[in-house]
Amino acid sequence: MPQSFIPLCIPEIRGNEWKYIKECLDTNWVSSVGAYVNRFESMVADYVGANHGVATVNGTSALHTALLVTGVEPDDEVLVSTLTFIAPANAIRYAGAWPIFIDSEPEYWQMSPREVVDFLEQGCDFKDGEVRNKHTGRRVKAIMPVHILGHPVDMEPILAVARKYNLLVIEDATESLGAKYKGHRVGHLGDIACFSFNGNKILTTGGGGMIVTDNEAWASKAKYLTTQAKDNPVEYIHHEIGYNYRLTNLQAAMGCAQMENLEEYIAAKRRIAATYSEAFAEVPGLTPMVEATWASSIFWMYTLLVDESQYGQDSRQLLRRLQEAKIQTRPLWEPLHCSLAHTQDQPRESLAVAEKLNQQALSLPCSVGLSVTDQQRVIEFILKEKQ
Ligand SMILES: *Cc1c(COP(=O)(O)O)cnc(C)c1O
């Protein structure tokens, strides 16, 4: 029998999605206002413990809006992880600001707090309550840690240095809804945070995003900017240039149904991760991702490091072999300091940890609905490929 295709990470629809979306269709509340938008905003905000949630059309627009409402201005600089999907760096540029790329730490692959502190203490001057990059002369305004792959960044040292230098902390929590740092959910650790409900994320609305914060002024500014900045909606009076960044009621309906099953999704991801990690623990050349003692990861995207010298193939060869076996895998992102889209932003230097992770990492099939049989097929193939 020909073997079926095993995708990397696909949505899981097992709850009230049909029911809630049908209700939108039946009542004609399909567009950008409606009860599900409000309900979804409260569900996500309550879940992370924040006072306000503002739904957006995707995670990237949430990040863009978060930068605008917190007062990041053109020509400001924002520290951001170099090893991440490109969206946060692009959002920084949409706001006219500049990304400063920070290397990963080697254990959990997240933004390195030590590199953040070193950059601020050695690369910057602090006077009159402002931080200036010594090299560019620009004002450093914010730190944007990206909790990648479902695992939190080590936030305490980052929050401490942000307080010391009067910097904002904008969490990109798009990959990590439900993860905990020292018992606290990501998305409620800094000043404001963003989530994504894109198709491959732990929870999806087809496409969507959310800003969460305790700051009421920022939340209402975010709602204003994401709905075309209407000052008088009847007379079409606008005092600012806004954006059409709203999530529709249809999408929010799907989000509410997905939120109802989030804990089950997380349990499934953790179970999948534990099975892989146990299977690969003793294999020379394979290093499974790990969870810090201070963290609870949602293992959004299960990832392994492949060391060619011991495993006998590099990550890209293994990816191609798996592809031939109809098993979809992916490397991690090109580090952003190497990306042609962002190389003008700062002098090129080597950020060695992220570069090595980019060479060695391979993300394995980890859909919430991945069957035991399919996961065994992936495991056996990878064990058999070792040379
Ligand atoms: C998915 C993702 C985003 C953006 O989300 P979209 O909803 O696709 O716009 C932002 N940052 C990171 C790190 C992501 O993985």
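Computed from a predicted model, the values in this text were never measured in an experiment.

Calculation criteria
Residues numbered from 1 in each chain as written. Predicted model: local features only at pLDDT ≥ 70, side-chain atom pairs only at ≥ 80, totals over all residues. Heavy atoms only, no water. Near = heavy atom within 4 Å. Areas by Shrake-Rupley, 256 points an atom, 1.4 Å probe, with all protein chains shown as cover. 1 Å grid on protein atoms, 1.4 Å probe; cavity = no way out; pocket = protein on both sides within 12 Å on 5 of 7 lines; lining within 4 Å. Sits in = over half its atoms within 2 Å of the grid points. Helix = DSSP H or I, 4+ residues; strand = E, 2+ residues; numbered from the N terminus. Nonpolar A, V, L, I, M, F, W, Y, C, P; charged D, E, K, R; others polar. Domains from an automatic or database assignment. Contact = heavy atoms within 4.5 Å. Buried area = accessible area lost by both parts, 1.4 Å probe. Salt bridge = Lys/Arg side-chain N within 4 Å of Asp/Glu carboxyl O. Polar contact = N/O pair within 3.5 Å; in protein donor to acceptor, adjacent residues only side chain to side chain. Buried < 20%, exposed > 50% of the residue type's maximum accessible area, 1.4 Å probe, protein only. Pairing = 2+ DSSP bridges. Right-handed = clockwise from strand over helix to strand, strands pointing away.

Chemist: Would you mind going over the site of the ligand with me for this structure?
Modeler: Around the ligand sit 16 residues in total, of which G59, T60, E175, S196 and K201 are the nearest. Computed on the free molecule, the ligand has an accessible area of 380 Å², of which 92% lies beneath the protein chains in the complex. When each cavity is represented as a set of grid points, the ligand is found to reside in the largest pocket. Counting residues per element, the ones that place at least two in the shell around the ligand are α3 (59-69) and α4 (87-94). Top element by residues in the shell around the ligand is α3. It accounts for three residues. In the shell around the ligand, the residues fall into five nonpolar, eight polar and three charged.

Chemist: Got a minute to help me understand the domain arrangement of the protein in this structure?
Modeler: When the parts of a complex come together, some accessible area is lost, and that lost area is often taken as the interface size. Splitting the protein by domain gives domain 1 (17-259) and domain 2 (262-385). Its C-alpha centre places domain 1 at a distance of 25 Å from the equivalent point of domain 2. On the side of domain 2, 36 residues touch domain 1, which itself brings 47 residues to the contact. Where domain 1 abuts domain 2, roughly 3600 Å² becomes buried across the two surfaces, and 68% of that area is made up of carbon and sulfur atoms. Among the residues domain 1 hides against domain 2, the three largest losses belong to W109, L149 and I202. Together they make up 22% of the total. Run the count over domain 1 and domain 2 and you get one salt bridge. We note a salt bridge from E263 to R185, for which the minimum N-O separation is 3.7 Å. Viewed at the interface, domain 2 and domain 1 are joined by 18 residue pairs in polar contact (both at pLDDT 80 or more). At the level of elements, α4, β3 (98-102), β8 (180-181) and α8 (249-259) are the ones that each hand at least two residues to the side of domain 1 that touches domain 2. When grouped by side-chain class, the residues that make up the side of domain 1 that touches domain 2 number 23 nonpolar, twelve polar and twelve charged.

Chemist: Explanation requested: the pairing of strand β7 (residues 168-172) in the structure shown.
Modeler: Both faces of the sheet carry side chains from a regular strand, because those side chains alternate between them. Within β7, five of the five residues are buried, which leaves it mostly tucked inside the rest of the structure. The alternating pattern of β7 places L168, I170 and D172 on one face and V169 and E171 on the opposite face, and all of these are buried. One ladder, built from two bridges, connects strand β6 (residues 139-144) with β7; its direction is parallel. The partner of A142 across the bridge, within β7, is L168. Handedness of the crossover joining β6 and β7 through helix α6 (residues 155-165): right-handed. Bridge count for β7 against strand β10 (residues 192-196) is three bridges, and the pairing is parallel. Residue pairing across strands places E171 opposite A193, the latter belonging to β10.

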